[in-house]
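A structural walkthrough
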Amino acid sequence: MSAPPLLALHGVCKRYGAVEVLVDIELEIHAGQVVALLGDNGAGKSTLIKVISGVTPADKGVIEWEGRTVHIRRPNDARDLGIATVFQDLALCGNLDVVGNLFLGREIRRFGFLDEMEMERRTLRLLQQLTRGVPELRAPVVSLSSGQRQTVAIARSLLGDPRLLLLDEPTAALGLQQTTEVMDLVDQLRDRGLGVLLISHNMGDVKALADRAAVLRLGRNNGFFDVNTASQEQIISSITGATENTPRRPAHQEAGW
Ligand SMILES: Nc1ncnc2c1ncn2[C@@H]1O[C@H](COP(=O)(O)OP(=O)(O)OP(=O)(O)O)[C@@H](O)[C@H]1O
Ligand SMILES: [Mg+2]
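Residues numbered from 1 in each chain as written. Chains lettered and ligands numbered in written order. Predicted model: local features only at pLDDT ≥ 70, side-chain atom pairs only at ≥ 80, totals over all residues.

Moving on, we get to helix 8 (residues 232–240). Within helix 8 the residues assigned to the buried category are Ile-235, Ser-238 and Ile-239. One side of helix 8 carries all its buried residues, which in axial view fall inside an arc of 105 degrees. On its buried face, helix 8 is in contact with strand 3 (34–38), helix 7 (203–209), strand 11 (212–217) and strand 12 (220–226). Just downstream of helix 8, Gly-241 is the residue with a positive phi angle, here 95 degrees. (Buried ≥ 20, exposed ≤ 12 C-beta atoms within 10 Å, placed from the backbone. Helix = DSSP H or I, 4+ residues; strand = E, 2+ residues; numbered from the N terminus. Arc of directions from axis to C-beta. Contact = placed C-beta atoms within 7 Å.)

Here is the structure:
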């Protein structure tokens, strides 16, 4: 029997006041797989990431982690499972330096004092694995390029050795070279066996990198695709709503992926 998905969502709903932002969402992410989460502006992508990361818990529905039902009510619940998130706004502290940002809230201490040397050493080791252009570790993050900031945010998310990484539009503000770097990094993480949920508006990135794509439209599922076999047109028309399609179960389950 094949292993259960790392993460599965069934019938997940989220409303803000009278507005139903997510309705009956189904989603599966396997270890070693990049799933692109696609949809137009306001489709509910960031909200779904916030639900999975415990920032705004779901109102209804079942979340399974490796086949077991779990409750994600706060960020610590997600972190304890091994879910790490890089949010759309990165949530870095601009006035703190790179090391300070990585270890904010989980500082390493030695004899009661901050162990700056150790934190610096670990920051450098992690960044060297991720990028060739390691930023100045003691520079305030506000002085870094947007690509470097994205790398710092990803590095911070990897500190706890997560098994699932949620990335909300990691390349939206990046140039070509930096985008390639982030994409290479995601590729590397998949090779290490992580599951990745990647929000992107860039179909080129999705085609180059993702294994599967899940499309949201107006807060509902609107199609699941095997990126290797689906055409770009099929995926785009599912995003724009040219093909209305709200399956109860991921299509790959029906197709026996
Ligand atoms: N805290 C909130 N309170 C009320 N409504 C919200 C809140 N957060 C999001 N929404 C609404 O939920 C809907 C989905 O928003 P969300 O940010 O999840 O979309 P998105 O798919 O990430 O869009 P984008 O591509 O623009 O980032 C939008 O209509 C948005 O206005
Ligand atoms: Mg968003």
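This part takes up the sheet that holds strand 9 (residues 164–168). Taken together, the 6 strands give an open sheet; going across it, the order is 6-9-10-3-11-12, and neighbouring strands pair in mixed fashion. With one partner strand each, in any of the chains shown, strand 6 (83–86) and strand 12 form the two edges of the open sheet. Averaged over all adjacent pairs, the angle separating strand axes in this sheet is 15 degrees, with direction ignored. When strand 3 meets strand 10 (residues 195–199), the two strands line up parallel, connected through 4 bridges. Bridging across to strand 10, Ala-36 finds its partner in Leu-198. Helix 1 (residues 45–52) rests against strand 3, strand 6, strand 9, strand 10 and strand 11 of the sheet, and its axis sits at about 150 degrees to strand 9. Lying on the sheet, helix 5 (residues 146–158) is in contact with strand 6 and strand 9; it crosses strand 6 at an angle near 165 degrees. (Pairing = 2+ DSSP bridges. Axes fitted to C-alpha atoms, helices over the stretch in contact; angles between N-to-C directions.)

Turning our eyes to something else, we now look at the pairing of strand 3. For a regular strand, side-chain orientation follows a simple rule: the groups alternate between the two sheet faces. Among the 5 residues of strand 3, 5 are classified as buried, and the element is accordingly described as predominantly covered. Alternating residues of strand 3 divide into Val-34, Ala-36 and Leu-38 and Val-35 and Leu-37, and every residue in both groups is buried. Bridging between strand 3 and strand 11 involves 4 bridges; their strand directions are parallel. Each residue of the ladder has a partner; that of Leu-38, found in strand 11, is Val-215.

In this model, the protein chain carries a mean pLDDT of 90, and residues with pLDDT of at least 70 account for 94%. The low-confidence segment residues 251–257 (pLDDT under 50) makes 7 contacts with residues lying over four places distant or belonging to another chain. (pLDDT = per-residue confidence, 0-100.)

So, about the packing of helix 4 (residues 116–130) against helix 5. At their nearest, the axes of helix 4 and helix 5 sit 10 Å apart, and the two run at 115 degrees to each other. Here the hand of the crossing between helix 4 and helix 5 comes out right-handed. Judged by residue contacts, Leu-126, Leu-127 and Leu-130 of helix 4 engage Thr-151, Ile-154, Ala-155 and Leu-158 from helix 5. Looking at the contact of helix 4 with helix 5 residue by residue, the classes come out as 6 nonpolar, 1 polar and no charged. (Left-handed = near helix turned anticlockwise from the far one by under 90°. Nonpolar A, V, L, I, M, F, W, Y, C, P; charged D, E, K, R; others polar.)

For the rest of this paragraph, the subject is the site of ligand 1. What surrounds ligand 1 is the set Tyr-16, Val-19, Val-21, Gly-39, Asn-41, Gly-42, Ala-43, Gly-44, Lys-45, Ser-46 and Thr-47. Breaking the shell around ligand 1 down by element, the ones donating at least two residues are strand 2 (19–29) and helix 1. Of the residues forming the shell around ligand 1, the biggest block, 3 residues, is contributed by helix 1. A per-class count over the shell around ligand 1 returns 4 nonpolar, 6 polar and 1 charged. (Near = placed C-beta within 6 Å.)

What follows deals with unusual backbone geometry. Of note in the backbone geometry, Glu-66 takes a positive phi value of approximately 50 degrees without being a glycine. Note that Glu-66 resides in the loop between strand 4 (60–65) and strand 5 (68–70). For Glu-66, a count of 15 C-beta atoms within 10 Å gives the class partly exposed. Here Leu-218, not a glycine, exhibits a phi torsion of approximately 50 degrees, which is positive. Take Leu-218: it is sitting in the loop between strand 11 and strand 12.

The subject of this paragraph is the nonpolar core. Of all hydrophobic cores here, the largest spans 66 residues; its most connected members are Ala-36, Leu-37, Ile-52, Val-186, Val-196, Leu-198 and Ala-213. Of the domains in this structure, domain 1 (7–82 + 162–254) and domain 2 (95–160) are the two that each give at least three residues to this core. Once residues within four sequence positions are removed from consideration, Ala-213 is found in contact with Ala-36, Leu-38, Val-206, Phe-225, Val-227 and Ile-235. (Core = buried A, V, L, I, M, F, W, Y, C linked by C-beta atoms within 7 Å. Domains from an automatic or database assignment.)

What follows concerns the domain arrangement of the protein chain. Parsing the protein chain into structural domains produces domain 1 (7–82 + 162–254) and domain 2 (95–160). Opposite the 11 residues of domain 1 that make contact, domain 2 presents 9 residues. The element best represented in the side of domain 1 that touches domain 2 is helix 6 (residues 176–191), accounting for 4 residues. Considered class by class, the residues forming the side of domain 1 that touches domain 2 number 7 nonpolar, 2 polar and 2 charged.

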